[in-house]
Structures are given as C-alpha cells and as structure tokens.
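So the chains spell out like this:
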Amino acid sequence: MTGTAAATVPPDETPDAPGYPAEFAERYRAAGHWRGETFGRMLRERARAHPDRVAIVDPAGEGRRWTYGELDVRADRMAAGFLARGIGKGDRVVVQLPNTAEFFEVVFALFRIGALPVFALPAHRETEIRHFCAFTEAAAYVIADTAEGYDYRELATRVRAEVPGLKHVFVAGEPGEHTALSAVPTAPVPVDDVPAPHDLAFLQLSGGSTGVPKLIPRTHDDYIYSLRGSNEICAVDENSVYLCALPAAHNFPLSSPGTLGALYAGARVVLAPRPSPDVAFPLIEREGVTLTGLVPPLALLWTEAAATTPYDLSSLRVLLVGGAKFSEEAARRVRPALGCTLQQVFGMAEGLVNYTRLDDPEETIVTTQGRPVSPDDEIRVVDDQDNDLPAGETGHLLTRGPYTIRGYWRAPAHNATAFTADGFYRTGDVVRLTETGHLVVEGRAKDQINRGGEKVAAEEIENHILAHPAVHDAAVVSMPDAYLGERTCAYVVLREDAGPVRSVHVKKFVRERGLAAFKVPDRVEFVTEFPQTGIGKVSKKELRAAIAARVAAAAAQETAAQGTAVQETAPHTAQ
Ligand code: OOB
C-alpha cells in the first residue's frame, strides 16, 4: 500500500510545498505576520539573550534540566553530526520520540540544517511508520529504545527491511543493532545552506479521512507566526512554565502555544512522560507550571482528581482544552476544580487555530470553541454547494490564512478536492459563528472518528478490515461514549462462505496489521447488509444512528438495573 502510494506520485511532478501565492505572501509579510524568522535562529537568539535560563525539564530517569545555552549547543552538535552522516537540507527524518529532552535536541538540529522532521506519534506502529518512511523517502528514523513497555528498535528493524532507502536509525538509549543517538553529535560546524524563513520546517501529520494519512508542510515563517499569535492570546511570556502532557509531536502541544511557543517566549518547558494526574500534578507543584494543554477526556480526569489531590496546583493559570469538542457541562467544572482559566482551543495541524480569550465572559469560554488567532484568518461557513450561509447558520467551515497550508505534501489529486480553487482549506468541520465572531463546533462532515482528540480515518480502518479473508464489506462509524466523546464501531458484512468470525478476531486482525492501538475498532457489529442512501451509497448516517440507539438503550438498561439494585438493597441499608 505504502510503496505504491510513493511510487504513483513522482516527486518532481508535484511541488513539495504547495505554496502561498505571491500576493498573499506579500500581504502576510507587510502585515508583520511573517517576519523572516527561522527556528534555528530563534533558538540561537534566545540562547544568546539568556543562556542560563532553563529551557527544558525532563524528569525521566535522574532528571535533566537543559538551559537555553545547553540546548543551543546540543542542537549545533547534533546538527553537525547529522550533516556528517549525509543528512542535509530538504531531507526528511521521521521522528518518533516520547516526551523527552532528546525530542527538542533532534528537531532543533534538523531545523538548523533545513532537514524536515516528520512528526510521528509514539502510538504509531509498523504500517504507519513504513508509510511515513517510504512516502517521504526518509533518510533517517529517530526512536527511543523503549517507551511504555514497547520496543521501538524491533519496529525499526522491520521497517528498515521494508524500506531500503532508509539509511539510518538513531536510537535514544540502548541502540541494539542500530546507531546510538548519543554517537551522532560532533564538534559544531558552520552550516552552508541554512533554511530560509519561507522554506519548509517540517511535515506534520493530518488526522485525515482518507486511506493513508496525509502530510502537512509547514514553513518556518507561517508556524512561527502561529506561535507568536498564540503566545499573545495565552499570555505566555518568559515567566511562563508550560507542561507538555500530550505527545510532544502533536500540533496542539507543539504550537498552541505549546512547547515551541514557550521556547519562543524564553519560557520553561516541563515534559510529562504521561498525562495522568499522578504524573502531572507533582510536576505542576514542583516546577510551578503556569499553563498546559489537554484533550477533553484528560481535562475531565484532572478536574475530578483535583478535588482530592495533595499537590498544590495553585501555580496553574490557564488550562487549554482542545482536539475534540469539550462539552459545556465539563467546561463549567474547570475553574471551580482547578482554580484556573479555561481556554478552549479548536485547531488543526493544517493551520487555523481558534482560542477563547482569557478575558472573554465565562459564558463565551464555556459555550464556544474560540475565535481565530489572526485578523487575516479568513473564515467561511458554507452549504453543500459552497454558498456562503447567512451569519449564525450552521455549515461547513472553510478557511484560508497566514498559517494555513495551501495543499498537502505531494498529494495533488487529494488537494484538488481538499481545497477550493481559490485556496480555502475544507476543514470538514461543521460550525456556527456567534455574533462575537466565536466559532461553535456543531459536528463534522469528514469521514473521521474523533476518539477523545485522537483522529481515526474511517477509510483507513475499513481498508484494513477488508483485507480479512472472511470479510465482504466494512463501514467504520463513530459511536457516542461518555468518556472519550466518541469511539469507533466497525460494521462488517461477512462473505457468505465465511466460517464463524467473532468481534475479537476482527480487532486482533487489525491490531496485527501494525496499527496504532487507538485505531483498533472499539466495537464490531456483524450485519448481512448495509443501509443505503438514495443513490446506493452506504448510509453511514443510519449506521451511526443505529449504534447510538443501541449504546443509549444499553446505558438506560444499566441505569434501570442499578435502580432496581438500589431499591432491593435499600430496605437492608435502612435497617
Ligand atoms: C488538533 O489538530 P488535529 O489536526 O489533530 O485535528 C483537527 C481536527 C479539527 O478539524 C476538528 O475536527 C477537531 O480536530 N477539533 C475539535 C476541536 N479541536 C480540534 N473539534 C471540536 N472542538 C475542538 N476544540 O486537534 C488541534 C491542533 C491544534 C490545537 C488544538 C487541536
């Protein structure tokens, strides 16, 4: 699958960075959005201004605290080592690291030489990593030895056997048969061909709704603008302490305002190996964390855990919540439970980020998903035919602006439909604009499941299920879930001659194809045929309604059973 995807899109026929038209680039520069900064220079400038200030706190192992000066020197040495191994400007490097200090050492080294990190998540497995390495023709793949009980070196061995072009595997920790990351750094050397501000800085992953994840090309100029804008809106300055609790490579903790926003401001980044309250709360107390970002299920967990925690969370000023819809009910609990201001974030790796403002009325904070970062973010809410809707009506969100991409990387066919002719990105989100210009996310038109912020492309999973020899057809839809908001349900039609297949077999089959665990269907329903739409397509709307009804009925039954149990036990307890 991955090999063919790479082979069908010859690199020289499609631009790597479907660019911003000149008139827009000029406008964004004239407005002061694009200021000609690069990540490499940004770190150098901060290191010169305040070399001894702590930049990164990594509590793993015996704990590390790197100053700006130290991070700068480390990035230089790592950059020189990468260059010495033949990795240079424009080369792609798949980075799959947990929340450790090396993540920053590696990505700033790559930024400095103009090589492009491809941001994989620790949850990704063989199928995804093979695709990233093959499709981007990656020169190198950077991993940790093990994390959360998983051995990435074995994964790398398998990927390397399948992607011959992958020259290097660098391992933070014990390298096994690969190369130790610690063996890479050498004496710093001048970099001849430094990246320009309009050059690509990295490739981010799309949540996606297609068979394979698309790659998002972001430039230094556009991304740094989103950091600067986010810092201003979230009041991040040199006294801020940002806790990175979500996976560092994801766009939300990376840039909204995230670790890179914090480093841009000269603030301190504290890395949490896991986002659970038992790990994060002690770090908040110890480091005086002032802000962090969470997906809704974790925000719920934190608000519950805060009630009984022995840790002092009073340094926390702002909790950003985004990645999936945060219910109004849950949003109302944040301030009383954590004593901080909630900022809802509705963002996307493709660009556009919306925040509620710190001084918005509480009602706006709890009932909307914010408004855009930039005055030059263009927002359209349209009907199915791309006609603009009257103000306040619910429709498809289209957007264009100074930090929103104009196309995915090497995906001309997909770009033809994912963007309008005049460059608006079709977000796939269904929204409504309030009178104050805030957006309320009402739903989604894209064929994706948002599993508490983790995105699952239905088509991707359907393709894997279809590979099962007993499966005739598959349709993956979302089902409501009290904790994650949504989970995945796979409807499956078996072949007539298929032997007995159970739900666990389908789940195991998908897992064994080497996918991130969050993509394995939560539930499998067997049916003999799918409901159809008027024009003979599978009606996912009906499938969603059917599973939602079953989930609701089961919940009602459970509540009723509990009620009976209470009634039955009540006389006894009363005695
Ligand atoms: C963030 O980025 P992605 O690329 O993983 O996912 C983007 C999609 C959006 O198109 C939307 O469908 C959904 O995630 N989403 C939300 C949301 N925030 C994101 N849906 C409802 N309410 C929200 N607050 O998820 C992301 C990137 C930067 C900052 C924050 C989140």
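Just so it is clear, the structure is predicted and the values come from calculations on it, not from any experiment.

K.L.:
Describe in detail the domain arrangement of the chain, supporting the description with residues and values.
P.N.:
Per the domain assignment, the segments making up the chain are domain 1 (37-373 + 386-429) and domain 2 (448-557). On a C-alpha basis, the centroid separation for the pair domain 1 and domain 2 is 30 Å. Of the residues lining the interface, 17 residues belong to domain 1; the matching set on domain 2 comes to 19 residues. Carbon and sulfur atoms make up 53% of the area that domain 1 and domain 2 hide from each other, which totals about 1400 Å². Summed over the shared surface of domain 1 and domain 2, the result is one salt bridge. In this structure, Glu 128 and Lys 519 form a salt bridge, with 2.8 Å as the shortest nitrogen-oxygen distance. The tally of links between domain 1 and domain 2 comes to eight residue pairs in polar contact (both at pLDDT 80 or more). Among the secondary structure elements, those contributing two or more residues to the side of domain 1 that touches domain 2 are helix H6 (126-135) and helix H12 (296-306). When residues in the side of domain 1 that touches domain 2 are grouped by element, the largest group, three residues, is from H6. When the residues that make up the side of domain 1 that touches domain 2 are grouped by side-chain class, the tally is six nonpolar, eight polar and three charged.

K.L.:
Pulling in residues and values, what's your account of the site of the ligand?
P.N.:
With respect to spatial proximity, 19 residues lie near the ligand, and among them Val 345, Ala 349, Asp 429, Lys 446 and Lys 455 are the closest. In the model, an oxygen atom of the ligand is placed 2.5 Å from a nitrogen or oxygen of the Asp 429 side chain. At 2.9 Å from an oxygen atom of the ligand is found a side-chain nitrogen or oxygen belonging to Lys 455. In the complex, 96% of the free accessible area of the ligand, which totals 600 Å², lies under the protein chains. Elements with a contribution of two residues or more to the shell around the ligand: helix H9 (251-255) and strand S16 (341-348). Looking at the shell around the ligand residue by residue, the classes come out as seven nonpolar, eight polar and four charged.

K.L.:
Please give an account of the packing of aromatic side chains that cites residues and values.
P.N.:
Any aromatic ring pair is given by two values, namely how distant the centres are and how the planes are angled relative to each other. Here the structure, examined in full by the defined rule, presents 21 aromatic pairs. Ring centres 5.5 Å apart and planes at 90° place the aromatic pair Phe 108 and Phe 111 in the edge-to-face group. With a gap of three residues between them, Phe 108 and Phe 111 both fall in helix H5 (residues 101-113), about one helical turn apart. By the burial criterion, Phe 108 is buried, and Phe 111 matches it. Between Tyr 150 and Tyr 152, the aromatic rings sit 4.9 Å apart at their centres with planes inclined by 80°, giving edge-to-face as the arrangement. Owing to a relative accessible area of 4%, Tyr 152 belongs among the buried residues under this scheme. By the ring-pair criterion, three or more aromatic residues cluster together here, those being Phe 39, Phe 103, Phe 104, Phe 108, Phe 111, Phe 119, Phe 202 and Tyr 223. One residue, Arg 125, lies across the ring of Tyr 150, its end atom 3.5 Å from the ring centre. It is Arg 380 that lies over the ring of Phe 424; its NZ or CZ is 5.4 Å from the centre.

K.L.:
Any details on the sheet that holds strand S14 (residues 291-294)? Residues and values, ideally.
P.N.:
Note on sheets: strands pair through backbone hydrogen bonds, and any given pair is parallel or antiparallel. With mixed pairing, the nine strands of this open sheet are ordered in space as S2-S1-S13-S12-S14-S15-S16-S17-S18. Each of the sheet's edge strands pairs with one partner strand only, and the pair in question is strand S2 (64-67) and strand S18 (371-372). In this sheet, S16 lies alongside strand S15 (residues 318-322) in parallel orientation, the contact comprising five bridges. Directly across from Leu 319, in S16, lies its bridge partner Leu 342. Lying over the sheet, helix H4 (residues 68-84) contacts strand S1 (54-58) and S2, oriented at roughly 85° with respect to S2. On top of the sheet, helix H13 (residues 328-338) reaches S15 and S16; it is set at about 135° to S16, its chief contact.

Here is what the cut-offs are and how they apply
Residues numbered from 1 in each chain as written. Predicted model: local features only at pLDDT ≥ 70, side-chain atom pairs only at ≥ 80, totals over all residues. Heavy atoms only, no water. Domains from an automatic or database assignment. Contact = heavy atoms within 4.5 Å. Buried area = accessible area lost by both parts, 1.4 Å probe. Salt bridge = Lys/Arg side-chain N within 4 Å of Asp/Glu carboxyl O. Polar contact = N/O pair within 3.5 Å; in protein donor to acceptor, adjacent residues only side chain to side chain. Helix = DSSP H or I, 4+ residues; strand = E, 2+ residues; numbered from the N terminus. Nonpolar A, V, L, I, M, F, W, Y, C, P; charged D, E, K, R; others polar. Near = heavy atom within 4 Å. Areas by Shrake-Rupley, 256 points an atom, 1.4 Å probe, with all protein chains shown as cover. Phe/Tyr/Trp six-rings, centres within 6.5 Å; stacked < 30°, edge-to-face > 60°. Buried < 20%, exposed > 50% of the residue type's maximum accessible area, 1.4 Å probe, protein only. Lys NZ or Arg CZ within 6 Å of the ring centre and 35° of its normal. Pairing = 2+ DSSP bridges. Axes fitted to C-alpha atoms, helices over the stretch in contact; angles between N-to-C directions.

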